[in-house]
Each structure stands twice: as structure tokens, then as C-alpha cells.
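For reference, the chains in residue letters:
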Amino acid sequence: MASPLVAGLSVAVAALAGKYGIEAYQAFKLRPATPRLRKFYEGGFQPVMTRREAALILGVRESVAQDKIKEAHRRVMTANHPDAGGSDYLAAKINEAKDHLLGQTRGSGSAF
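Note that the structure is predicted; figures quoted are calculated from it, not measured.

Draft legend 1. The packing of aromatic side chains, seen in detail. Tallied over the entire structure, the rule returns one aromatic pair. Between Phe 45 and Tyr 89 the ring centres are 5.5 Å apart and the planes differ by 70 degrees, which places this aromatic pair in the edge-to-face class. You can see Phe 45 sitting in the loop between helix 1 (2-30) and helix 2 (51-58) and its partner Tyr 89 sitting in helix 4 (residues 88-102), a full 44 residues away along the chain. With relative accessibility at 30%, the residue Phe 45 sits in the partly exposed group. Classification of Tyr 89 by relative accessible area gives partly exposed; the value is 30%. Above the ring of Phe 28, the side-chain terminus of Arg 31 is found at 4.1 Å from the ring centroid.

Draft legend 2. Representation of helix 4 in the model. For helix 4, spanning 15 residues, the distance from its first C-alpha to its last is 21 Å, which sits close to the expected 21 Å at 1.5 Å a residue. Among the residues of helix 4, Ala 91, Lys 93, Ile 94, Glu 96, Ala 97, Lys 98, Asp 99, Leu 101 and Leu 102 are the ones counted as buried. The secondary structure elements touched by the buried residues of helix 4 are helix 2 and helix 3 (66-80). Structurally, the start of helix 4 carries an N-cap: the backbone nitrogen of Tyr 89 is 3.1 Å from a side-chain oxygen of Ser 87. Downstream of helix 4 by a residue or two, Gly 103 has a phi angle that is positive, lying close to 85 degrees.

What counts and what doesn't
- Residues numbered from 1 in each chain as written.
- Predicted model: local features only at pLDDT ≥ 70, side-chain atom pairs only at ≥ 80, totals over all residues.
- Heavy atoms only, no water.
- Phe/Tyr/Trp six-rings, centres within 6.5 Å; stacked < 30°, edge-to-face > 60°.
- Helix = DSSP H or I, 4+ residues; strand = E, 2+ residues; numbered from the N terminus.
- Buried < 20%, exposed > 50% of the residue type's maximum accessible area, 1.4 Å probe, protein only.
- Lys NZ or Arg CZ within 6 Å of the ring centre and 35° of its normal.
- Expected span 1.5 Å × (residues − 1).
- Contact = heavy atoms within 4.5 Å.
- Polar contact = N/O pair within 3.5 Å; in protein donor to acceptor, adjacent residues only side chain to side chain.

Here's what the structure looks like:
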């Protein structure tokens, strides 16, 4: 006698859970789109490169070890090297960022 009652209650609970699940999914689909955070730096380049801009270009923190800077430079440069279809301008900026973070200077500014 209790078995049909338990089965009926189980079906009712499953139906209610399904109903609320479908309603929650539909509300989720109708929510306004929120802009996602970008991992990469979207701004243009400054006339004179700052330490912050150099760190953003290479994707590292401003106070990072030299081996991490070189590793990040190698990673970014393989993706943007002119011989692999990348831009000469971006390659120059990436090299400038590495030099700026390592404390090396090559002239007064970018070649471009």
C-alpha cells in the first residue's frame, strides 16, 4: 500500500524538479549578454613605452624575474614573428617590451 504512494510522490517530485529546471534554463537563455573579460591588452601603443605597457604586451607582471620575461618573449614572439606571417611592427614592439623590462635600451624609441 505504501509502495504506490511513494512511487506517486517520486513521480510528482521529479515532474516539479523538471519543470523548475526547464524554467531556470529558459531564464538563463534570456538573460542579457554580458561582455566577457579579455585576456589580452586591447589598447593602442603609447608614444613612449612604459613598464606597465611592456608587461601587458608580454603578458607578465611588472616585477617578474628575467627568465620569465625571456620565456614570455619567446612565447609571444613565436606567435607574432614576421617570418611566420606576423607583423614587423608588432615584432618590434614585442622586442621593445622585452628590452624595456630587462633594462636594456636600444635607441630612444620604436623604429616605427
